[in-house]
Every structure is written in C-alpha cells, then in structure tokens.
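Understanding the architecture of this molecule
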Amino acid sequence: AGQDVWDRCAGPSGGGYQSNPGWESREGQARGGGRGARGGGARGKHPPHLKGREIGLWYAKWGGIKRSEAERKSVRTYVTSYFDGDDPPEGPQKMGKVAEMEPDKKQKQEQEEEKEVKMKAKVEPRERDLEYLFQDLVRKPALDVELKSDFQAKAENPKYLEMLKFRETLPSYGMREVNLVQASRVVVISGETGCGKTTQVTQFILDDYIQRGAGSLCRVVCTQPRRISAISVAERVAAERAESVGEGRSCGYQIRLQSRLPRKQGSVLYCTTGIILQWLRSDPCLSSISHLVLDEVHERSLQSDVLLAVVRDLLHSREDLKVVLMSATLNAEKFSKYFDNCPMIHIPGYTYPVEEYLLEDVVEMLRFRPQHQDRRPRFPRSFLQNQWTRPEKEAQEAEYRQSWPCFARSLRDRFSDDTIEALERLDEDDKINLDLIVALIRHIVMNEDDGAILVFLPGWDNISGLNDLLMHAPDPCRVTMPLSDQVFKRPPAGVRKIVIATNIAETSITVDDVVYVIDGGKIKETHFDTQNNISTMAAEWVSLANAKQRKGRAGRVSPGKCYHLYNGLRASLLDNYQLPEIQRTPLEELCLQIKILKLGPIASFLRKTLDPPSEKAIELAITHLKDLNALDRSEELTPLGFHLARLPVEPHIGKMILFGALLACLDPVLTIAASLSFKDPFCIPLGKEKLADHRRKILSKNSKSDHLTIVNAFWGWEDAKRRGYKCEREFCWDNFLSANTLQMLHNMKGQFAEHLWAAGFVRSKDLKDSSANINSENEKLLKAVIVAGLYPKVAKIRPSLHKKRPMPVKVYTKADGKVCIHPKSVNAEETQFHYTWLIYHLKMRTSSIFLYDCTEVSPFSLLFFGGDISIQKDQEQETIAVDEWIVFQSPARIAHLVKNLKRELDVLLEEKIRQPRPVDWDDRGSSDCAVISAIIDLITTQESPSEAPWQERSWKAGQHWD
DNA sequence: GAGCACTGC
C-alpha cells in the first residue's frame with residue numbers, strides 16, 4: 001500500500017524491460033503464432049543486463065532492424081484481416097433537400113424506412129446519432145396529420161394553457177412574424193435577454209408548419225454558445241409545450257457527449273454551435289435541417305463566426321434553407337449587412353428600468369476620498385503600464401489623457417472640487433479601488449431597499465481581496481464565499497446577499513434576485529500577440545456591451561440600480577464590443593477544421609468571415625501546422641493532418657493521442673490529453689492554497705510532471721470510485737479534486753478512444769484494453785509521448801548554482817528568454833531535476849510569462865520524439881542536436897546510431913499514420929516491434945544523465961537563449 | 001507565488 005506505481009514499473013536498475021508486464025505475457029503468444037520465429041524469438045530484444053548506451057550498441061550490431069518491403073507487407077496483411085468484418089458501421093451518406101414527396105414514391109420510401117429500422121437495431125447509440133443526422137426531410141403525410149391533431153389537442157391541455165398564458169406576456173409573443181422568416185432566406189432578430197426570442201421564435205416556426213399540416217417538413221435547429229443554455233432552453237421549451245424533453249418528442253438537445261434527441265421531423269433541436277460544425281463534416285449541406293437559428297451571434301464566439309461564414313456560402317447551394325440570426329440590439333445591423341442587407345425584426349426589451357451611475361456620481365454620493373498608498377510603486381507607472389500594452393489600447397489611452405483636462409473642467413458645474421480631485425487620484429492608480437467598493441456596498445446596505453448586490457470584478461485576486469475587506473469590516477457586512485446554493489437562494493429577511501463574481505455572472509450564471517449591480521469596469525481578456533507569438537491575458541476596460549449586460553442583471557425582478565466604476569470620459573471611450581474571438585486566438589485548430597470541411601484555401605475562407613483575423617495570425621498558424629507536418633507545402637492536409645483534424649482537440653494534443661495509441665500507453669495519455677484540452681481536475685480553494693499544493697505534490701509522486709500528476713489523480717479517482725460513492729467523495733475532497741471535471745475527462749477519454757478505434761489505430765473501443773496499454777505504467781515512455789505531442793514547446797532549466805542552499809531553478813525558452821513555472825505547477829518550487837529540459841503545453845503572458853504545466857524530460861525522448869537530428873563537430877566537440885537548438889555533447893558514433901534509429905522510427909510512424917493499424921506487440925520479431933522496442937528500451941533504461949552517452953552542453957554554450 | 005469565459009458527431 002502506498003507504493004509508488006512508477007517505482008513498481010521501473011523495477012530494479014537496468015532491468016526495466018523485465019518489469020514491463022506486457023512483454024512477458026506476450027512472448028509466448030508470439031512464439032505460438034509462428035510469426036515471432038522470424039529472427040529467432042529473442043533476437044527482437046536486447047539482453048536484459050544491458051543499460052542505456054550498451055543497448056544502443058547492441059542494436060547497432062544487430063542487423064534485423066532493416067527489413068524488406070515484403071516483410072512489411074506480410075504484417076500489413078495480417079492486421080488488415082484482423083479487422084475484416086469489424087469495421088465501424090458508417091451511416092449512409094445521403095444528401096438531399098427538403099422536398100415534398102410525390103405519392104408514387106411513397107411505397108419506396110416506406111421500404112427505405114423499414115430498412116432503416118433494421119439497421120438501427122444493429123447499431124450502437126453513437127451510430128444512431130449519426131444516422132439521425134443523415135435523415136432526409138421528406139414529407140410524411142401521416143405524421144403531418146398526427147402532429148396537427150396533437151397540436152389541436154393541446155388547446156385542451158391545462159398545463160399547456162397555463163404556459164401559454166405566460167408566453168403571451170413575453171414581448172416576443174406579439175411579434176409572430178413568422179411570415180417574414182418564411183418569406184426571406186435570412187432574418188436577423190434583435191432583442192435583449194429576457195424578451196423570450198430564444199424560446200419563442202423556434203416554436204413559432206414549428207407550430208406554423210404544424211398548423212399548415214406540413215409539420216414533417218420542419219426541422220428547426222437552434223445553436224447555443226454554451227452547453228448549459230442548450231439544455232436549459234430545451235427543457236424550458238418542452239415544458240411550454242407540456243411535453244418532456246427528447247425521446248421522440250417535439251423538442252430536444254444535443255451537446256458533446258450528451259443528448260436527448262427529439263423526433264426527426266417536426267421538431268426543434270437545441271445544440272451547441274460546435275455540434276453543428278461537427279455535423280458539417282458528414283453533411284456539408286445540412287440537408288436534414290429546414291431552419292437554422294443561430295442564437296447569441298453578437299457574442300462573436302469563434303465558432304459562431306465560423307458558422308456564419310459557412311452558412312453564408314451554404315445559402316448558394318441550399319436555396320430552401322431558412323436562417324435566423326438572433327443578436328443583441330447593439331450590432332444587429334452588422335449581421336444584416338453581412339447577409340446582403342437581410343430584413344431585421346426588433347423585439348423590445350422586457351427588463352425593468354435600471355438607473356445607472358458613473359464613478360463621479362458614486363464618489364460624490366459617498367464623499368469618497370482615496371487613501372494614500374503607503375507602499376510606493378516599485379516602478380514608475382508608465383513603465384508598468386506600457387510594458388506589454390497593445391498598440392490600439394495605447395492610442396485610446398493617449399486620447400483619454402488628452403481629453404482629461406477638458407472633461408475635468410466640465411465636471412465643475414455639477415461636482416465638488418473634492419470629488420474631482422478624488423477622481424484624479426483614482427485615475428492615477430490602475431487597479432480597482434476595493435475601498436470604494438466596500439464603501440458603496442455599505443451605502444447600499446444602509447440606505448437602499450432590499451435586494452441582492454452583484455459585484456463584477458475582473459479576477460480571482462480582486463475577488464479574494466474584496467472578500468477579505470468585507471470579512472474584516474465592521475458590521476453590517478458579512479459575506480459567505482464559495483459558489484454554493486446560497487448564491488441562488490433568497491436570503492432570510494433582514495439579510496443582504498452580496499455576490500462577488502467575474503464575468504461568469506454576465507452570461508453563464510444568473511442570480512435571480514439581484515437589484516444592485518456594481519460594475520468594476522474591468523474584464524480579463526485573452527489575446528494572441530502575433531508579434532511575439534504568445535497568448536496573453538490581462539484586465540482591460542469593459543466594452544459597452546459588457547456594461548449593458550451587467551446593468552441588465554439588476555433589472556430581472558424589479559427596477560434596479562447599476563454603479564459603473566469608471567468616469568464619464570472613460571465611458572465615452574469604451575469600445576462597443578470586445579474584439580471578436582477569432583481575432584484574439586491562435587488559429588491552428590480552426591485551420592485544420594477549414595481543411596477537413598473543404599471550405600477552400602485557408603486564408604481566403606478566413607477573409608470571408610465577419611471580422612477576419614490578421615494576415616499575420618493566419619500565416620503563423622499555417623506555418624505552425626506545416627512544422628507539425630499536418631499541412632504540406634501546398635497547404636493540403638497530410639495523412640497526419642487528416643487524423644488531427646478529425647480529433648476534437650487542438651493539433652498538439654491530437655498528436656499526443658495518436659502516439660499514445662501507437663506506443664500502447666493509451667489510458668494515461670488520454671487522461672493527459674483530455675485534461676489539457678478541457679481543464680485540469682484540481683481545485684485550489686481560497687485560503688487553502690498551501691494545502692492544495694501539498695496534496696498535489698504528493699500525487700505527483702516525484703515525477704516532476706504536472707501531466708503525470710493528473711494521471712495519478714485520475715487513477716486514484718477511478719480506484720476510489722470503484723470502492724463506492726463515499727470513497728470517491730472522500731478522495732476528491734482530500735486531494736482537492738473536482739469530481740465533475742474528472743467525470744467529464746472520463747467521458748472525453750471514451751470519445752477519443754472511439755475516434756482512434758474508428759480510424760483503426762486501436763483494436764478495441766475500450767481504452768482499458770490490455771493491447772493498448774502494454775506500456776501504460778512506463779513513466780519514461782509516457783514522458784516521451786508527451787514530448788511527441790507537445791514538441792517544440794520546450795524550455796531549458798538552468799540549475800541553481802548554490803549547491804548548499806537549494807534555490808528554485810531558472811527556466812528559459814528559445815523565443816521568450818526567461819519564463820516562470822506557474823505556481824500551481826508541481827515543478828514550481830522544485831530545486832532538483834534529473835534533466836535540464838521541460839516540455840509544456842500552455843504558456844501565457846499575464847504578470848509574467850508562465851508555463852502553466854510542465855514535465856521534466858530526458859535527452860533521449862527529445863532526440864527520438866522531437867525534431868530533426870543533426871550531428872556536428874564544433875570547437876573540438878562532437879554534438880548531436882534536435883532542430884539545431886537542443887544540443888547535447890555526444891560521441892559521433894552514438895549520435896549516428898541515434899539518428900539512424902530515429903529515421904527508422906519516423907518511417908514506421910509515417911506508415912502507421914498513412915495506414916492506421918495497431919502495432920503488433922504480439923509479434924516481437926516483427927519489424928514494427930523491433931524498432932519501437934529498441935527505442936522504448938533506450939528511453940526506459942536511461943536512468944540518469946551520468947549514465948547517458950553524452951553530457952548536457954554547458955550552459956555557456958547555450959547562452960543565446962537569454 | 002497565482003487561477004476571464006466558453007466549446008467539440
């Protein structure tokens with residue numbers, strides 16, 4: 001008990017392969033099968049007593065690595081036949097348009113349907129979803145009649161009538177301009193949240209068809225930006241129709257890994273935007289959809305912008321498709337223009353009036369005077385501010401400075417001199433003044449009527465700061481913190497509820513009884529800095545759209561008040577909207593999507609979007625994809641690119657998944673992949689940071705790897721779950737893990753495994769299948785697979801020079817120079833490493849440049865799974881280098897051996913990707929197995945740098961990294 | 001010594 005899993009699999013020094021359980025059990029099978037006899041059984045394997053360098057020499061002498069083409073073919077035949085008759089069933093690729101069916105075709109249609117039912121009985125649930133998608137929308141007169149009589153029967157249903165009474169009060173109910181939707185191919189419907197457009201418009205369209213006796217020709221699909229809203233809106237609509245959601249009824253939803261599908265025809269489906277983008281792969285014309293409703297397009301998410309561009313093109317080939325865009329009022333016109341000045345319908349708002357105050361009003365009202373900061377800033381403000389600001393923001397700031405004197409003068413008529421001075425002082429400090437917020441909260445509590453207070457702040461540090469202030473303030477301010485039911489419940493009489501939140505409360509979380517909103521005026525935004533090729537996150541001024549949304553949160557139950565903590569001049573300079581996401585993110589994944597959806601040349605498609613990304617960003621993404629070997633020189637998908645595009649993850653993570661499958665360490669690699677593409681399962685509660693760090697460090701089992709820490713956590717969770725719900729809860733609690741996140745990761749892993757199986761990379765859909773996990777407990781190989789996926793995201797460790805007093809190491813990347821390991825990483829305070837290289841996934845510039853996750857990796861893993869190897873002799877030193885920048889000293893003899901072995905590996909992998917099939921681990925004499933096991937053995941048995949055949953090049957030589 | 005928000009047949 002308590003023994004390190006990694007210790008168990010590493011075994012005694014030098015005997016790594018012996019303790020690898022996969023090899024032992026498989027040897028017998030291989031011999032029995034006859035195929036293992038080629039080369040004489042043991043010849044596929046070096047003698048167990050050999051260590052790193054000796055293994056290499058042993059393989060160099062052994063000529064069996066080179067094999068004839070004929071031998072390769074024989075292996076291929078074997079594997080192909082293994083899969084015969086076992087191919088995943090594919091849905092029939094039907095394409096069609098909505099069409100009324102002629103009577104004489106009816107019989108044929110019915111036969112088709114019968115066939116369909118038979119097929120359905122055979123297929124698995126996932127394939128059933130697929131088939132659902134390919135359903136043609138062909139008129140079914142019987143269904144039309146049934147739907148119509150059902151609909152008429154609803155007029156007698158008390159539940160339905162009660163709902164109808166409510167629906168009739170919605171502003172959107174009076175706007176039953178379905179005719180306009182029917183008459184024009186594209187319509188923009190604008191209206192603020194609360195007007196009911198999301199729930200009503202889809203129903204109007206459907207009910208109109210049903211009443212006209214054409215219900216079977218109507219299939220409305222409505223996209224939502226968030227999973228939660230897809231489910232909750234579908235449930236709401238089902239309730240309004242006095243039905244339950246899904247299961248062949250008139251309303252359902254589909255989100256990733258979760259669906260309750262409505263009947264195929266005469267229904268409304270709510271789904272996330274990503275789902276439709278995935279649909280397009282199998283059905284580029286969306287032939288089964290009669291009406292596509294895109295909700296919340298004003299949010300300008302990457303996916304909705306892409307879908308808009310696709311749909312605009314699609315309208316050329318789908319003349320019968322009706323498209324409805326739903327937007328906030330502020331920029332509805334922009335969408336209309338994008339669609340050739342299509343008609344617009346406006347639905348008036350539904351919220352109560354909200355009184356707005358600006359900073360000067362608040363300061364005057366509270367007679368607030370900012371305290372002098374005792375602590376002088378370490379740097380002049382200009383330095384701190386301009387360190388990384390974006391050019392467009394700088395111009396705005398300049399305009400603000402220039403206009404300030406004039407603005408201040410204009411305030412003199414209405415505000416006291418003290419207030420104006422206070423405004424100037426508040427302005428000097430770039431940070432949000434929490435004292436002001438405390439004073440404002442106190443004012444509301446003492447002087448205003450009942451109602452919850454919602455405070456918007458940009459991030460965790462502000463939230464925790466304000467929390468501290470409120471906790472230590474004299475009565476009557478007392479706050480309970482973490483997100484719990486209390487946030488949504490109404491407090492008992494005499495208790496004031498105060499909710500402090502980030503912009504999560506703008507869209508994702510709704511607190512019903514809010515009457516007072518304090519808008520801190522800032523929001524954290526990620527950007528992609530194309531100049532320096534790095535993602536950034538910083539607090540920026542909100543946009544008018546954010547401010548409006550925040551204000552709206554105060555008027556849900558009664559008239560409310562909203563206090564914006566920026567002055568009138570700032571308010572006049574706010575952007576209308578945040579920059580669309582497509583201009584703020586790296587585009588690699590999107591480029592692959594464009595290729596697999598066959599949307600034309602990447603740049604020309606992207607230029608067709610509403611607000612195209614910069615040419616520089618496009619160019620960077622394409623270059624990166626070429627470096628990854630996902631795109632060839634003419635920007636076409638390579639075989640690798642094809643598989644990466646099909647996996648629902650970004651390309652680096654996809655590559656890691658493929659390598660995990662080929663190198664038979666599937667389960668742990670999928671855990672890592674799922675967590676990198678979603679989020680890691682750890683929580684760090686306010687005030688428990690140290691303890692949480694400590695627990696994570698224990699889970700890391702000294703692997704010096706955040707990625708393996710997650711694997712350990714996941715295995716621990718699976719184990720605990722097997723022992724029952726109580727154990728699971730306890731395990732999560734003790735280790736600061738989120739059970740919800742772990743469950744989602746579990747589901748995602750299943751999805752990845754299914755993809756791999758469908759593509760032929762693994763034998764079984766089961767990611768725990770033993771043939772896919774022969775090497776799953778080989779820590780060093782896992783690290784190598786992480787390199788294979790994430791390369792070239794490599795950082796170099798400069799060990800601390802103080803031998804006696806261990807100091808945290810310094811870390812450098814080639815492009816950025818010195819970077820920091822993020823404090824939540826298990827390597828953050830590490831002083832001792834075995835090697836001097838780290839591989840990471842997320843790097844972001846916030847207060848500094850941080851590596852958010854990293855794993856220590858060995859030279860061997862970089863040599864075999866990194867870039868091109870070059871061998872050089874410079875300054876009397878023989879060196880081997882990866883992509884000419886990760887340089888090791890090495891005797892030329894060894895270097896050439898490694899280079900040759902790597903070349904063999906590359907040939908093998910390319911063939912595997914070109915013709916996916918699992919490595920035949922049973923046949924130890926096979927060519928696949930020989931090369932791969934040689935490399936695995938080298939990686940596994942290299943114990944420490946002192947045993948390696950080369951040395952780290954001295955730091956001095958690599959100093960250009962500074 | 002630090003964690004805006006989302007999403008994927």
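Residues numbered from 1 in each chain as written. Chains lettered and ligands numbered in written order. Predicted model: local features only at pLDDT ≥ 70, side-chain atom pairs only at ≥ 80, totals over all residues. Heavy atoms only, no water.

Identification of chain A as RNA helicase from Electrophorus electricus is taken from an unreviewed UniProt entry. The record held by UniProt for chain A lists under Catalytic activity (unreviewed entry) the comment "ATP + H2O = ADP + phosphate + H(+)". (UniProt positions renumbered as here; feature names shortened; annotations may be inferred.)

Right, let's talk about the overall build of chain A for a bit. A tally of regular secondary structure across chain A gives 38 helices and 26 strands. Classification of the 962 residues of chain A by burial places 55% in the buried group. For chain A, long-range pairs separated by at least 24 residues make up 74% of all intrachain contacts whose partners lie at least 6 apart in sequence. Carbon together with sulfur atoms contributes 51% to the accessible area of chain A, which is approximately 43900 Å² in total. (Helix = DSSP H or I, 4+ residues; strand = E, 2+ residues; numbered from the N terminus. Buried < 20%, exposed > 50% of the residue type's maximum accessible area, 1.4 Å probe, protein only. Contact = heavy atoms within 4.5 Å. Areas by Shrake-Rupley, 256 points an atom, 1.4 Å probe, with all protein chains shown as cover.)

What follows deals with the pairing of strand β1 (residues 186–191). For β1, the tally of buried residues reaches six of six residues, placing the bulk of the element in the interior. Burial along β1 is two-sided: V186, V188 and S190 and V187, I189 and G191, pointing in opposite directions, are all buried. As defined by bridge partners, β1 adjoins strand β7 (residues 322–327) across five bridges and the pair is classed as parallel. Bridge pairing in β7 places I189 opposite M326. One ladder, built from four bridges, connects β1 with strand β8 (residues 344–347); its direction is parallel. When the bridges of β8 are listed, S190 appears paired with H346. (Pairing = 2+ DSSP bridges.)

Turning our attention to the nonpolar core. Ranked by internal contacts, the top residues of the largest apolar core, which has 144 residues, are L325, L862, F864 and F865. Formed by 40 residues, the second largest nonpolar core is a distinct cluster that contains L359, Y400, L423 and I498. (Core = buried A, V, L, I, M, F, W, Y, C linked by side-chain atoms within 4.5 Å.)

Strand order in the open sheet formed by eight strands is β4-β3-β5-β2-β6-β7-β1-β8, with mixed pairing between adjacent strands. This sheet does not close on itself; its edge strands, each paired only once, are β4 (258–260) and β8. Along the sheet, successive strands turn relative to each other by an average axial angle of 20°, direction set aside. Packed on one face of the sheet, helix α11 (residues 227–240) meets β2 (219–224), β3 (251–255), β4 and β5 (267–272) and runs near 170° to β3. Those strands touched by helix α12 (residues 273–282) are β2, β3, β5 and β6 (291–294), and its axis lies near 100° from that of β5. (Axes fitted to C-alpha atoms, helices over the stretch in contact; angles between N-to-C directions.)

Below, the discussion takes up the state of the cysteines. For the coordinates displayed, the defined rule picks out zero disulfides. Here C218 stays free of any disulfide, with the sulfur of C251 as its closest cysteine sulfur at 12 Å. Residue class for C218 comes out buried when judged on its relative accessible area of 0%. C251 takes part in no disulfide bond, and the closest cysteine sulfur, belonging to C222, lies 9.5 Å away. (Disulfide = S-S within 2.5 Å.)

In this section: the sheet that holds strand β15 (residues 560–564). The strand order across the open sheet formed by five strands is β9-β15-β12-β10-β11, and the pairing between neighbours is parallel. Bordering the open sheet on either side are β9 (354–357) and β11 (498–501), each of which pairs with just one other strand. When strand polarity is set aside, the average angle formed by the axes of neighbouring strands in this sheet is 15°. Of the pairings in the sheet, the one linking strand β12 (residues 514–519) to β15 comprises four bridges and is parallel in character. In the sheet register, Y516 faces β15, and the bridge partner there is K561.

On to the pattern of salt bridges, then. Per the counting criterion, the structure on display carries 40 salt bridges. Where R236 meets E240, a salt bridge forms, and the shortest distance between an N and an O atom there is 3.1 Å. Of this pair, R236 and E240 both sit in helix α11, four residues apart, roughly one helical turn. By relative accessible area, R236 is classed as partly exposed at 32%. Through salt bridges with shared partners, one network takes in R300, D305, K334 and D611. (Salt bridge = Lys/Arg side-chain N within 4 Å of Asp/Glu carboxyl O.)

Quick look at a negative patch on the surface now. On the surface, a cluster of negative charge is made up of D627, D868, D883 and E884. Considering the arrangement of structural elements, one finds D868 in the loop between α36 (859–865) and β23 (869–874). Given a relative accessible area of 60%, D868 falls into the exposed group. (Patch = residues over 30% accessible without salt bridge, like charges linked within 9 Å, V, L, I, M, F, W, Y side chains within 5 Å. Lys, Arg positive; Asp, Glu negative; His and termini not counted. Charge placed at Lys NZ, Arg CZ, Asp CG, Glu CD.)

Residue Y791 is joined to P792 through a cis peptide bond whose omega torsion reads 10°. The phi dihedral of E296 is positive, around 55°, even though this residue is not glycine. Despite not being glycine, F736 shows a phi value in the positive range, around 55°. Among the secondary structure elements, F736 is positioned in the loop between α33 (725–735) and α34 (739–759). Exposure remark for F736: the relative accessible area of 9% places this residue in the buried category.

This brings us to the packing of aromatic side chains. Going through the model one piece at a time under the given rule, you end up with eleven aromatic pairs. Between the aromatic rings of W541 and Y566, the centroid separation amounts to 6.5 Å while the plane-to-plane angle is 85°, which identifies the pairing as edge-to-face. Linking W541 in strand β14 (residues 534–541) with Y566 in the loop between β15 and α24 (568–573), this pair joins segments that are 25 residues apart in sequence. Ring centres of F659 and F865 lie 5.9 Å apart, and the angle between their planes is 85°; this geometry places the pair in the edge-to-face category. Of this pair, F659 sits in helix α29 (residues 651–662) while F865 is found in helix α36, placing the two residues 206 residues apart along the sequence. By relative accessible area, F659 is classed as buried at 11%. The exposure class assigned to F865 is buried, which follows from its relative accessible area of 7%. One aromatic cluster is present, built from ring pairs that chain together Y400, W404 and F407. If you follow R696 out to its NZ or CZ, it ends over the ring of F682, 5.7 Å from the centre. (Phe/Tyr/Trp six-rings, centres within 6.5 Å; stacked < 30°, edge-to-face > 60°. Lys NZ or Arg CZ within 6 Å of the ring centre and 35° of its normal.)

What follows covers the side chain of D513. Turning to its location among the elements, D513 is positioned in the loop between α22 (504–507) and β12. According to the relative accessible area criterion, D513 is buried, its value standing at 7%. Setting aside anything within four residues of it in sequence, one finds D513 in contact with G451, A452, K489, R490, P491, K497 and V557.

This brings us to the environment of T329. Along the chain, T329 turns up in the loop between β7 and α14 (332–338). Excluding its chain neighbours within four sequence positions, the residues that come into contact with T329 are S190, G191, E192, H346 and K548.

On to the packing of helix α32 (residues 706–722) against α34, then. Interaxial distance between α32 and α34 falls to 11 Å at its minimum, and their mutual angle equals 100°. As far as their axial angle goes, α34 and α32 are roughly perpendicular. For the pair formed by α32 and α34, the contact residues are F714, W717, E718 and K721 on the first element and A739, L742, Q743, L745, H746 and K749 on the second. Looking at side-chain class alone, the contact of α32 with α34 contains five nonpolar, two polar and three charged residues. (Parallel < 35°, antiparallel > 145°, perpendicular 65-115°, else oblique. Nonpolar A, V, L, I, M, F, W, Y, C, P; charged D, E, K, R; others polar.)

Another aspect to go through is the environment of E247. In this fold, E247 is placed in the loop between α11 and β3. Separated by 195 residues in the primary sequence, E247 and R442 place their C-alpha atoms 51 Å from one another. Contact partners of E247, with chain neighbours within four places excluded, come to R260 and L261.

One can find S705 in the loop between α31 (689–700) and α32. Its relative accessible area of 0% is what places S705 among the buried residues. For the pair S705 and S287, spaced 418 residues apart in sequence, the C-alpha to C-alpha distance is 47 Å. Reaching out from S705, the side chain makes a polar contact with the backbone nitrogen of H707 at a distance of 3.1 Å. For S705, the side chain forms a polar contact with the side chain of T855, separated by 2.6 Å. (Polar contact = N/O pair within 3.5 Å; in protein donor to acceptor, adjacent residues only side chain to side chain.)

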